[in-house]
Amino acid sequence: MRTLVIPDVHQRVDSVKRILENEKYYDEVVFLGDWFDSFFDPPKVAGFEETCEYLKHLILEHPNKDKFVFLLGNHDLSYIYENKDYSLHRISKTLKYFCSGFTTSKAKKFRHAFFDHGLKDNFFLEHFKIAHITQGWTLSHGGISIRHFPYSYTKERFVNELLPDVWRNFRNLEYKHNWVISGAGYHRGGNQPIGGVLWLDWRGEFNSSIDTGKQIVGHTTVKEPDCIHMNTPLECWNLDTEKDYGIIIDGRMTTNQYLFT
């Protein structure tokens, strides 16, 4: 089996196109989230509207759409939350999933691209997930910690039962265990001891363990692909370099660059 792992996009749409054009053979492609909120301007990256349209294309029209797995990033969730009819001209008074880079104008563009075309909560609940297990690896935006697990939970139960339940109830910030997607840790300026699955900081909060197993994440920018405990049951990777993506072949993880000439 051959799995491509594409980390934080942040409106680098052309980079995703180059990867999918150059990688002719794959069984699945897992996107680690954060499609939005680039700190660069076009033409270095795509515009916000172009990013929305390309994401819709991948989900609804791309010939290999059935091979794509879309994971949530912390920069995506605030726009999904604001994708609702009552706030066509303003954002909600209390933004539930605040993230740097979020603006009212971009929220309006997001609603125009999705809500105004009938793509509401069920669209995102159907096509996005918080974590994905494949070939012995667990993939998520920020990472999974044993400290996220309720008492007696295994990784499989956490990923397959609790995370989907929290995602289905993402509009209720008071919902039990919601912090595993909304919570930012002290290292990211939040009020939690550690961040949730969308916020876990690689340098200050991430910790591999037998209970969580092998993982691949993005979220925390690194200069080069960063691996800890290579070739062990604790092997974990961070791919958020803005130039690399991952390739898993029959359980073995390698990296490649998307700066094609």
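Residues numbered from 1 in each chain as written. Predicted model: local features only at pLDDT ≥ 70, side-chain atom pairs only at ≥ 80, totals over all residues. Heavy atoms only, no water.

What to know about the layout of surface pockets
Then comes step 1: In this structure, the largest pocket encloses a volume near 450 Å³.
Then comes step 2: In terms of lining residues, the largest pocket is bounded by 26 residues, among which Asn 74, His 75, Cys 99, Ser 100 and Arg 188 are the most central.
Then comes step 3: A per-element tally of the lining of the largest pocket places helix α3 (residues 74-81) first, with three residues.
Then comes step 4: Of the residues that constitute the lining of the largest pocket, the class distribution is ten nonpolar, eight polar and eight charged.
Then comes step 5: Considered as a void within the structure, the second largest pocket measures approximately 170 Å³ in volume.
Then comes step 6: What lines the second largest pocket is a set of 15 residues, and nearest its centre among them are Arg 12, Asp 14, Pro 43, Lys 44 and Val 45.
Then comes step 7: No other element matches helix α1 (residues 13-22), which puts four residues into the lining of the second largest pocket. (1 Å grid on protein atoms, 1.4 Å probe; cavity = no way out; pocket = protein on both sides within 12 Å on 5 of 7 lines; lining within 4 Å. Points joined across faces, edges and corners; volume = space filled by probe spheres on them. Helix = DSSP H or I, 4+ residues; strand = E, 2+ residues; numbered from the N terminus. Nonpolar A, V, L, I, M, F, W, Y, C, P; charged D, E, K, R; others polar.)

Comments concerning the environment of Glu 53
Then comes step 1: Along the chain, the position of Glu 53 falls in helix α2 (residues 48-60).
Then comes step 2: For Glu 53, a relative accessible area of 42% gives the class partly exposed.
Then comes step 3: Considered as a pair, Glu 53 and Phe 114 are 61 residues apart in the sequence and their alpha carbons are 9.0 Å apart. (Buried < 20%, exposed > 50% of the residue type's maximum accessible area, 1.4 Å probe, protein only.)

Focus: unusual backbone geometry
Then comes step 1: Residue Pro 43 follows Pro 42 across a cis peptide bond; omega there is 10°.
Then comes step 2: Relative to the elements of secondary structure, Pro 43 occurs in the loop between β2 (28-31) and α2.
Then comes step 3: For Asp 37, which is not glycine, the phi torsion reads 70° and is therefore positive.
Then comes step 4: For Asp 37, the position within the fold is in the loop between β2 and α2.

Quick look at the pairing of β2
Then comes step 1: Across the two faces of β2 the burial is the same, with Glu 28 and Val 30 and Val 29 and Phe 31 all buried.
Then comes step 2: Where strand β1 (residues 2-6) meets β2, four bridges bridge the pair, whose relative direction is parallel. In the strand pairing of β2, Leu 4 is matched with Val 29.
Then comes step 3: Chirality of the crossover, the property in question, places the unit of β1, α1 and β2 among those that are right-handed.
Then comes step 4: Strand direction decides the pairing type here: β2 and strand β3 (residues 68-71), joined by three bridges, are parallel. Of the residues in β3, the one forming a bridge with Val 30 is Val 69.
Then comes step 5: The parallel pair β2 and β3, bridged by α2, forms a crossover whose chirality is right-handed. (Pairing = 2+ DSSP bridges. Right-handed = clockwise from strand over helix to strand, strands pointing away.)

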